[in-house]
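This is what each chain is made of:
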Amino acid sequence: MQKFTTVTGIAVPLRRSNVDTDQIIPAVYLKRVTRTGFEDALFAAWRLDPDFVINKTEYQGGRVLIAGADFGIGSSREHAVWALRDYGFDVVLSPRFGDIFRGNAGKQGLLAGQISEADAETLWNLAERAPGVELTVDLVGKTVRVGDLTVNFQIDDYTRWRLLEGLDDIGLTLRDEARIKEFEGTRESWLPRTLPALSAGSARVNLQ
Amino acid sequence: MTNVIPTSQKHSGTGLRTLAEKVWDNHLVTKGEDGTPDLIYIDLHLLHEVTSPQAFDGLRLSNRMLRRPDLTIATEDHNTPTLAIDKPIADLTSRTQIETLRRNCAEYGVRLHSLGDIEQGIVHVVGPQLGLTQPGITVVCGDSHTSTHGAFGAMALGIGTSEVEHVMATQTLPLNPFKTMAITVNGRLRTGVTAKDIILAVIAKIGTGGGAGYVLEYRGEAIRALSMEGRMTICNMSIEAGARAGMVAPDQVTYDYLDGRAHAPRGADWDAAVAYWETLATDEGATYDAEVIIDANDLEPFVTWGTNPGQGVSLSGSVPNPADIVDANERSAAERALEYMDLAAGTPMKNIRVDTVFLGSCTNSRVEDLRAAAEIIKGKTKAEGLRMMVVPGSARVRIEAEAEGLDQIFLDFGAEWRFAGCSMCLGMNPDQLEPGERCASTSNRNFEGRQGKGGRTHLVSPLVAAATAIRGTLSSPWDLDQAGDQ
């Protein structure tokens, strides 16, 4: 994962709350087995409306999405993060995120920064009055800057550190592999195992 | 369990712990310091075709092994058709995804239940029916409705694909401790009111973000009185309140459900397991970070009117007027929802006519759900022009239902009797709503386009689904009795 320090890019105001991951990427796009190529799927249903914000020419190339509260609720699909990344977003700012979405974002180098409702309103107004305005998002100082305005955002320290360092989670965990092995040695023998496979009967499915 | 690691008793300072904290502590591999997360051991990893291919690819690219195939199991559910399952899948992209799962499972030695196998079905129906889901374990799956398994007193988390790969490689997850919220449901449900109505009422009360950062523990007399199926319905929808997980402390109902299942412990192992399970209930005097109290006596059948699961109301109520909503964001969300749903403020919910009734999904597709609906429709006639789809949660549920003659009741009524899968819950397989089509659905999400582009969803219980299929308008069994229908 690339190190993340600051990003300067066009702000896109998405004045909606409760943007669930089914809206970010509808399920029909989840049949693909790849991790890239989802840019066309981002907000696919809403993009049919020519007035939808990311269809407007002045917001083309947007990198900082400013959304309402409870962004990314619902389905766990990491495809939502992939679609935002593939489209070109590096940052999403919202007063509150769905937990799973926020976790997924941190794994894919998408900064999910929590801002106050009042600051969301300020940034929406700014991006709507001056379409195409660029914001600078600074992960070191946890700030969003534009002109004289500075807004703070929140992100948990661990995710921030991993983003700043560009670290791979699995590699970090495997440094504790000896401890994992030790833990496994203490697990009770009656805990469930999927193998060997057991079944409760020999009934067959009639496929007709 | 022997590997209990004493914690800092971060929550209460008294040493008294909640169910969630106990399960967490029992799975602590390393305790996080200076803001780093705890490393939690995962006892059971469930896989399906949609969120696993990129994770298997990740393993392959980094030359990592699947650490514990014996704690991993896969099934095909999201993307699969529920008709003609003996034929090749017609949609080529879907077929490729299923074939990719089969290839990955073969390569990494993962147990897979494919279409046509008796244990195939929705991943959250399969785990419990096999007896793999047990009290006090940790369960993860790349699916937000993994919260279902919390009904057994397990800590069950929905995760993203990067985390799926993480569990494949390490059998652990780095996780930040959660806050705890008690959802206490006092009193007794009236006949005709179900677990589904409880959880829809809870979400309407706390909102789609109300549970964010929390593990919910459902407790109280009304929860104790529920079957395992009912508890699963409630825990299943914890995610719709934004919670990471939902749990119910295990009790005799849990043990009776598990006893004799294929992967449940036996003999001396059973006794040892029960002894552990008995330690899990929240200690008397332990404190939660938040508590919500619901009175079951007052509850009525509940139904959603909008486009998120928090936008719900009693079936006897009306579509709310957005003008009455104080919060500006919620007001504009309600306005958008009414426009999408093509509903006018003030319309009595019972006047809303539906085109389709869907009985299925990981929320309500177990044999008890099918039985309850069949009992309502038996001997009745389906409303004219209405389509009803019944989709059992697993092949085993289908077989059990057929053994009881439920399939014939549904078929005589005029409903379609399908093979197992996620079906119309998520608009990814062939079972989808048409634009503008209105559906009473026993599933879990009424998001825009969730059941098919332009489709309109009202979330309901199996009983409301059945009564609605008879009358053609949103109805509960109470309406059938009052109207003396047929």
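As the structure is a computational prediction, the values presented were derived from the model and not from experiment.

A. Summary view of helix H11 (residues 328-341) of chain B. All names here are of chain B. With 14 residues, H11 should cover 20 Å at 1.5 Å per step; its first-to-last C-alpha distance of 20 Å lies within 8% of that length. Listed in full, the buried residues belonging to H11 are Ala-333, Ala-334, Ala-337, Leu-338 and Met-341. Along H11, the residues classed as buried sweep out an arc of 135° about the axis, all on the same side. Opposite the packed face of H11, turned more than 90 degrees from it, sit the exposed residues Ala-328 and Glu-339. Close packing links the buried residues of H11 with strand E19 (456-459). Positive phi appears at Asp-342, one or two residues downstream of H11, with a value of about 55°.

B. Main features of the interface of chain A and chain B. Every contact between the two is made by 59 residues of chain A and, on the other side, 80 residues of chain B. Elements with a contribution of two residues or more to the side of chain A that touches chain B: helix H1 (21-24), helix H3 (99-107), helix H5 (157-165), helix H6 (169-174) and helix H7 (177-185) of chain A. With 5 residues, H3 of chain A is the largest single contributor of residues to the side of chain A that touches chain B. Split by residue class, the side of chain A that touches chain B holds 24 nonpolar, 15 polar and 20 charged.

C. Just the packing of helix H6 (residues 195-206) of chain B against helix H8 (residues 228-236) of chain B, in detail. Residue and element names in this part refer to chain B. Close contact between H6 and H8 brings their axes to 8 Å; oriented N to C, the two are set at 20°. Between H6 and H8, the interaxial angle falls into the category roughly parallel. Remark: the crossing between H6 and H8 carries right-handed chirality. Each of Ala-195, Lys-196, Ile-198 and Ile-199 in H6 lies in contact with H8, whose residues at this interface are Gly-230, Thr-233 and Ile-234. Counted by class, the contact of H6 with H8 contains 4 nonpolar, 2 polar and 1 charged residues.

D. Representation of the sheet that holds strand E11 (residues 245-247) of chain B in the model. Residues and elements named next belong to chain B. With parallel pairing, the 4 strands of this open sheet are ordered in space as E11-E10-E9-E12. With partners counted over all chains shown, the strands left at the sheet margins are E11 and strand E12 (290-295), one partner each. Mean inter-strand twist for the sheet, computed between neighbouring axes without regard to direction, equals 20°. Each of strand E9 (179-186) and E12 touches H6; the most contacted strand, E12, lies at about 130° to it.

E. Here's a closer look at the sheet that holds strand E2 (residues 62-67) of chain A. Residues and elements named next belong to chain A. Reading across the sheet, the 7 strands line up as E4-E3-E2-E1-E5-E6-E7 and stay open at both edges, with mixed pairing between neighbours. The sheet is open, and its two edges are formed by strand E4 (111-114) and strand E7 (149-152), each paired on a single side. Adjacent strand axes in the sheet meet at a mean angle of 30° when their direction is disregarded. Helix H4 (residues 117-129) contacts strand E1 (6-14), E2, strand E3 (91-94), strand E6 (143-146) and E7 of the sheet and is inclined by roughly 90° relative to E1.

F. Structural context of the nonpolar core. Counting 208 residues, the largest nonpolar core has Ile-66 and Val-92 of chain A together with Ile-198 and Ala-373 of chain B as its most contacted members. For this core, the leading source of residues is H6 of chain B, giving 8 residues. If sequence neighbours within four positions are ignored, Ile-198 of chain B has contacts with Val-185, Ala-222, Ile-234, Ile-294, Ala-296 and Leu-299 of chain B.

G. Spatial organisation of the pairing of strand E6 (residues 138-141) of chain B. All names here are of chain B. The alternating pattern of E6 places Thr-138 and Val-140 on one face and Val-139 and Cys-141 on the opposite face, and all of these are buried. Summarising the sheet, strand E3 (residues 44-47) and E6 pair through 3 bridges and their orientation is parallel. Directly across from His-45, in E6, lies its bridge partner Val-140. Pairing geometry for E6 and strand E7 (residues 155-158), over 4 bridges, is parallel. Paired with Val-140 across the two strands is Leu-157, which belongs to E7.

H. Main features of unusual backbone geometry. Going from Leu-195 of chain A to Pro-196 of chain A, the amide bond is cis rather than trans, its omega being -5°. Within the secondary structure layout, Pro-196 of chain A lies in the segment after H7. The backbone phi angle of Asn-63 of chain B is positive, close to 55°, even though this residue is not glycine. With respect to the secondary-structure elements, Asn-63 of chain B resides in the loop between helix H2 (53-61) and strand E4 (72-75). The class of Asn-63 of chain B is exposed, set by 6 C-beta atoms lying within 10 Å. One non-glycine residue, Ser-361 of chain B, lies in the positive phi region at around 90°. Inspection of the secondary structure assignment puts Ser-361 of chain B in the loop between strand E15 (356-359) and helix H12 (367-377).

I. Looking closely at H12 of chain B. Taken across its 11 residues, H12 of chain B has 8 buried, putting it largely inside the fold. Every buried residue of H12 of chain B is listed here: Val-367, Asp-369, Leu-370, Ala-372, Ala-373, Ala-374, Ile-376 and Ile-377 of chain B.

J. Looking closely at the pairing of E7 of chain A. All names here are of chain A. Bridge count for E6 against E7 is 4 bridges, and the pairing is antiparallel. Note that in E7 the partner of Val-144 across the bridge is Val-151. Between E6 and E7, which follow one another and run antiparallel, lie 2 residues, and Gly-147 among them has a positive phi close to 55°.

K. Layout of the packing of H2 of chain B against helix H5 (residues 161-170) of chain B. All names here are of chain B. Between H2 and H5, the least distance of the axes is 8 Å, while the angle of their chain directions is 50°. Of the possible angle classes, the one that applies to H2 and H5 is oblique. Taken as a pair, H2 and H5 cross one another with a handedness that is right-handed. In this structure, H2 contributes Gln-54, Ala-55, Gly-58 and Leu-59 to the contact, and H5 contributes Thr-161, Val-164, Glu-165, Met-168 and Ala-169.

L. Representation of the domain arrangement of chain B in the model. All names here are of chain B. By the assigned domains, chain B splits into domain 1 (44-152 + 158-170), domain 2 (177-263 + 273-297) and domain 3 (302-481). Computed over C-alpha atoms only, the centres of domain 1 and domain 3 are separated by 27 Å. With 21 residues of domain 1 at the interface, the matching set in domain 3 holds 22 residues. The element that contributes the greatest number of residues to the side of domain 1 that touches domain 3 is helix H4 (residues 123-129), accounting for 4 residues. Residue composition of the side of domain 1 that touches domain 3, by class: 7 nonpolar, 11 polar and 3 charged.

What counts and how
- Along each chain, residue indices are assigned from 1 in the same order as the chain's sequence is written.
- For naming, the first written chain is A and the first written ligand is 1, with later ones following in the order written.
- Only residues with pLDDT of at least 70 get local features here, since the model is predicted, and only at 80 or more are side-chain atom pairs given and counted; chain-wide, interface and lining totals rely on the full set of residues.
- Helix and strand labels come from DSSP, where a helix needs a run of H or I of at least four residues and a strand needs a run of E of at least two; each type is numbered from the N terminus.
- One less than the number of residues in a helix, times 1.5 Å, gives the span that helix is expected to have.
- Counting other C-beta atoms within 10 Å of a residue's C-beta gives its exposure: the residue is buried at 20 or more, exposed at 12 or fewer, and partly exposed in between, where C-beta atoms are placed from the backbone.
- In this description, one arc is meant: the one made by directions from the helix axis to the C-beta atoms.
- We call two residues in contact if the C-beta atoms placed from their backbones are at most 7 Å apart.
- Any residue that is not Ala, Val, Leu, Ile, Met, Phe, Trp, Tyr, Cys, Pro, Asp, Glu, Lys or Arg is counted as polar, Gly included; the first ten are nonpolar and the last four charged.
- Axes, fitted as lines to C-alpha atoms, cover a helix only where it is in contact. Angles between the N-to-C directions of the axes lie from 0 to 180 degrees.
- Orientation is classified from the angle alone, with under 35 degrees giving roughly parallel, over 145 giving roughly antiparallel, 65 to 115 giving roughly perpendicular, and any other angle giving oblique.
- Definitions for this section: a left-handed crossing has its near helix turned counterclockwise from the far helix by less than a right angle. A right-handed crossing has that turn clockwise.
- Here, a strand pair is defined by DSSP locating no fewer than two bridges between the strands.
- For this entry, the nonpolar core is defined as buried Ala, Val, Leu, Ile, Met, Phe, Trp, Tyr and Cys residues connected by C-beta atoms within 7 Å.
- Segmentation of the chain into domains, including their bounds, is taken from an automatic or database domain assignment.

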